[in-house]
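# Working through the structure, step by step
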Amino acid sequence: MPTVFTHEFNTPVYKGKVSFNTGLFINGQFVDGSDGTTIDVVNPTNGKVITSVSEGTQKDVDLAVDAAEKAFETTWGLNCPGNKRGLLLSKLASLMEEHTDEFSALEALNNGKAFNFARHADIVAAIDCVRYWAGWADKISGRVIETTEERFTYTRHEPIGVVGQIIPWNFPLIMFAWKIAPALATGNTVVLKPSEFTPLTAIRMCHLVKEAGFPPGVLNVVTGYGDTVGSAISSHMRVHKIAFTGSTLVGRKIMEAAAKSNLKNITLELGGKSPNIIFNDADIEQAVNWAMFGVFFNQGQCCVAGSRIFVQEGIYDEFLKRFTEKTRSIKVGDPFAPDTFQGPQVSKIQYDRIMAYIDSGKKDGAKVHIGGERHGNEGYFIQPTIFLDTKPDMRIVKEEIFGPVSVVIKFKDEEDVVRQANDTVYGLAAAVFTKDVNRAITTAHKLRAGTVWVNCYSIMSPNVPFGGFKQSGIGREMGEYALNHYTEVKAVHVNLGMKMM
C-alpha cells in the first residue's frame, strides 16, 4: 500500500493537519509503483526528509496511458459534453478554494516559498486558471465555410486524445493548473509527471479530482524521475501531445523524443534571461519596487525573472542607490514567518547551481555589489545578490541562473538598450519603465519576447497568452490561443448536389 503522508502544521501563519495518500494516481486509484520503490521529498529549509512518495516507472506510464485511453474512448472526449466538463472543472476550482490554506502550507513546506505569497498569489492564480477553463469547455466550436451551393463545408475542433504533461518545481500548483485545465476542458485525458522535488500539491490535487467526480482515467499522475517517467511519456507511441515547462536543455530532449516516436504535437515553455529596461523618465520608486519583485520573487526561481536590469545613465546612480536599499530590506528566512519574502532555494542541486554561477561572476571580474554568499547555516538559503561592472560575454549575463541574482547594466539610449536586450538566445519576457507612452510602445514592439510589461512586472492573467520567442519555447499557454494546442481541426465536406460522371 502507498504511504500516507500526515503532517501537523503549527506555525504563525497556519495551524492545521494534513493527511493523504502519496501513491501514483492511475485510473482513479492510488497505487504503489511497479517496482515498489519510493522517492524522498526534502524540506529545503533544513535538508530533512518530509515524506516519501511512490516512484513510477515506464510500466506505470503504460498503465496510466491505458487508463487515459480507455477514459477518452468511453467517458470523456467526445463522449462527455462540454457543459459537463465545465461543471466538473468548476467544482474542482471550488474544492481548491476550500483547501486554500492547506495548499499554501504544502507549497511552503515542499517548495520553500513564503506561505503568504503562496496563499495570495500561487493558489489564487491556480484557482482562477481552472475556473477560466471551466468556462471554455462548452464554447469550443468550429465554423461553416462558404464554398459552393452544392457543398456544405464546416470545421470541428476535436480533442487530441491522451496528452502527456511534465511540470517543474518552481510553481508546482500553478503549473499543474496551467497544464490540466485546458487539456481537460477541451476533452483530452492526461498523464502528468510532477517534479520529483515538489510532488505534494499535485498528489493532493488528485484527491480533489476524485472528490469532484471526474471519471477514472481522465487524469493520471505518475511521480518519478525525468529519465524514466519523463522519458517514457515523451516517447510513448499512444501519447499524442506533450506539454512541458522547464529548462531549454530538457525541452530539446523532449522535442527530440516527440519527433522520434510519433511526431507528437508539442508545447514547450522554456528558459529566459529577461531584460528589464528603465529609462531616465521612469518613476524611480515604482521602477525599483517592480525591479526587486521581478528578479527576487519566488527566490529568483522564475522563468520570466528580470535578471538583466538595464538602467539609463541619467538615473543610474539614484536607481542603484534605491535598488540596493530595497534589496537589503528583503526578509530571507522561514517560509512560515509572516514577514518572509524570500525562502530557500528548492533543493541542494539548485543551491549548488546558483552558487556556481555566483562564483563564475566573481572569477570573471564582475563586482558583487551586495550578497553573493550563503544566508544562514542551515538549508538552501542564498543572499539576494546584485552584480555590477559586467561584460556581455559573462555567464551571469548570458545564462539563466534561476536564483536570486541580478546584474545592473548602464545604457545610453534606446537603440543601445534594445540591441543589448535582444542579444540573447531567449525571448520569454521583458519590461519597459517610462512615462512616455510612445517610447513604451515602440520599445515594447522592438523587443523579441513573448510577453512585455510596461511599468510593471510579472503580472499574469488566465485569459492572456503566455509563451516565448526563440529558445524560450514553442506555442502558447493560457487564453484562447492555447485552444489551438489541445484540439485537432477537422474539415468536413458534405455533398449537397454534385454528381460524378
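My aim in this report is to walk through the structure given alongside it, one point at a time. Model, not experiment: these values are computed from the prediction.

### Points about the overall build of the chain
When you go through the chain residue by residue, the secondary structure sums to 15 helices and 22 strands. Radius of gyration (C-alpha) of the chain: 24 Å, near the 23 Å computed for a compact globule of 501 residues. In terms of principal-axis extent, the alpha carbons of the chain reach across some 80 × 60 × 40 Å. By residue count, 59% of the 501 residues in the chain fall in the buried class. Of all intrachain contacts in the chain linking residues separated by at least 6 positions in sequence, the fraction that spans at least 24 positions is 73%. Accessible area of the chain: about 20,400 Å², with a carbon and sulfur share of 51%.

### Digging into the side chain of Q420
Assignment of secondary structure puts Q420 in helix α13 (residues 414-421). Residue Q420 is classed as buried on the basis of its relative accessible area of 16%. Setting aside chain neighbours within four positions, we find Q420 in contact with R308, F310, I409, K410 and F411.

### Some words on unusual backbone geometry
A positive phi is found at L263, a non-glycine position, where the angle reads about 50°. Looking at where L263 falls in the secondary structure, it is placed in the loop between α8 (248-261) and β13 (265-269). Residue class for L263 comes out exposed when judged on its relative accessible area of 68%. The residue F402 is not glycine, and still its phi comes out positive at about 60°. Secondary-structure assignment places F402 in the loop between α12 (395-398) and β18 (405-411).

### Examining the environment of A259
One can find A259 in helix α8. Its relative accessible area of 43% is what places A259 among the partly exposed residues. On a C-alpha basis, the gap between A259 and K139 in space is 31 Å, while along the polypeptide they are 120 residues apart.

### Topic: a nonpolar patch on the surface
Together, V144, F152 and L496 make up an exposed nonpolar region whose accessible area comes to about 290 Å². Assignment of secondary structure puts F152 in strand β8 (residues 151-159). Since its relative accessible area comes to 36%, F152 is described here as partly exposed.

### A word on the pattern of salt bridges
Scanning the model with the defined rule gives 20 salt bridges in all. Residue E158 is joined to K490 by a salt bridge in which the shortest nitrogen-to-oxygen separation is 3.1 Å. Of this pair, E158 sits in strand β8 while K490 is found in strand β22 (residues 487-495), placing the two residues 332 residues apart along the sequence. By sharing partners, the salt bridges in this structure join D66, E69 and R238 into a single network.

### What about the sheet that holds β18?
The sheet built from seven strands is open, its strands ordered β16-β17-β18-β15-β14-β19-β20 with mixed pairing. The sheet terminates laterally at β16 (367-370) and β20 (451-454), the two strands that pair on one side only. Sheet twist, expressed as the average angle between the axes of neighbouring strands with direction ignored, equals 25°. Relative to strand β19 (residues 429-433), strand β14 (residues 275-278) runs parallel, the two being bridged by three bridges. Counted as the bridge partner of N276 is A431 from β19. Across the sheet, helix α14 (residues 437-446) lies against β14, β19 and β20, angled at about 160° from β19, the strand it touches most.

### Points about the environment of S307
Mapped onto the fold, S307 is located in the loop between α9 (284-296) and β15 (308-312). According to the relative accessible area criterion, S307 is buried, its value standing at 7%. For the pair S307 and F30, spaced 277 residues apart in sequence, the C-alpha separation works out to 41 Å. Discounting chain neighbours no more than four positions away, the residues touching S307 are K273, S274, V295, V405, S406 and V407.

Conventions adopted
- Residues numbered from 1 in each chain as written.
- Predicted model: local features only at pLDDT ≥ 70, side-chain atom pairs only at ≥ 80, totals over all residues.
- Heavy atoms only, no water.
- Helix = DSSP H or I, 4+ residues; strand = E, 2+ residues; numbered from the N terminus.
- Rg over C-alpha atoms; globule rule 2.2 N^0.38 Å.
- Buried < 20%, exposed > 50% of the residue type's maximum accessible area, 1.4 Å probe, protein only.
- Contact = heavy atoms within 4.5 Å.
- Areas by Shrake-Rupley, 256 points an atom, 1.4 Å probe, with all protein chains shown as cover.
- Patch = residues over 30% accessible without salt bridge, like charges linked within 9 Å, V, L, I, M, F, W, Y side chains within 5 Å.
- Salt bridge = Lys/Arg side-chain N within 4 Å of Asp/Glu carboxyl O.
- Pairing = 2+ DSSP bridges.
- Axes fitted to C-alpha atoms, helices over the stretch in contact; angles between N-to-C directions.

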